[in-house]
Amino acid sequence: MRNEQTTTICLTHQRVEDQATPFGMVCPDCKCRLYTNPPRGNLMSFWESQPVAYSLDREPCFAFSLMWENYRIRSIHLPETDLASTESSEIESHS
């Protein structure tokens, strides 16, 4: 069985988006901003039409935006990785 996970990174703060909000997963800094100084206006969300980067395997990485009148969260979506192969290659001895 293949164990896959998509990683997203906040392009503003360069942090993994691992915090749940009503708008989806965001980084800790964006979550703090959303709750302490909520954005104004209607929410628009969209994918950018061109890849913003490529992985080492030449897989495209696309950006996704959540945008309000006065705030924008822009995330890069890295290609899916196989966690089983990553974990097995990082096994180390603790003896």
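Below, the structure is looked at part by part.

The rules behind each value
All residue numbers here refer to positions counted from 1 along the written sequence of the relevant chain. Local features in a predicted model are, by the rule used here, given only for residues with pLDDT of at least 70; side-chain atom pairs are given and counted only at 80 or more, and totals for whole chains, interfaces and linings are based on all residues. In computing side-chain properties, one takes all heavy atoms of the structure into account and sets aside hydrogens as well as water. Secondary structure elements are defined from DSSP: runs of H or I of at least 4 residues count as helices, runs of E of at least 2 residues count as strands, and each element is numbered from the N terminus. Throughout this description, buried means an accessible area under 20% of the type-specific maximum (1.4 Å probe, protein chains only), exposed means over 50%, and partly exposed covers the range between. Should any heavy atoms of two residues lie within 4.5 Å, those residues are considered in contact. We get accessible surface area from the Shrake-Rupley algorithm with a probe of 1.4 Å; when it comes to residues, only the shown protein chains can shield them. For the purposes of this section, nonpolar cores are sets of buried Ala, Val, Leu, Ile, Met, Phe, Trp, Tyr and Cys residues that join through side-chain atoms within 4.5 Å.

**Some thoughts on the overall build of the protein**
A tally of regular secondary structure across the protein gives two helices and 10 strands. When the elements of the protein are put in sequence order from the N terminus, they spell out β-β-β-β-β-α-β-β-β-β-β-α. Considering the protein as a whole, with its 95 residues, one finds that 23% of them fall into the buried category. Partitioning the contacts of the protein with sequence separation of at least 6, the portion at a separation of at least 24 is 40%. Accessible area for the protein stands at about 6800 Å²; split by element, carbon and sulfur atoms hold 51% of it.

**As for unusual backbone geometry**
Residues other than glycine seldom take positive phi values, yet Q14 does so here, at roughly 55°. Phi is positive for R58, close to 65°, though the residue is something other than glycine. Its relative accessible area of 59% is what places R58 among the exposed residues.

**With respect to the nonpolar core**
Formed by C10, V26, C27, C30, L34, L66, W68, Y71 and I73, the largest nonpolar core amounts to nine residues. Beyond its immediate chain neighbours, meaning those up to four positions away, L34 contacts T21, F23, V26, P39, W68, Y71 and I73.

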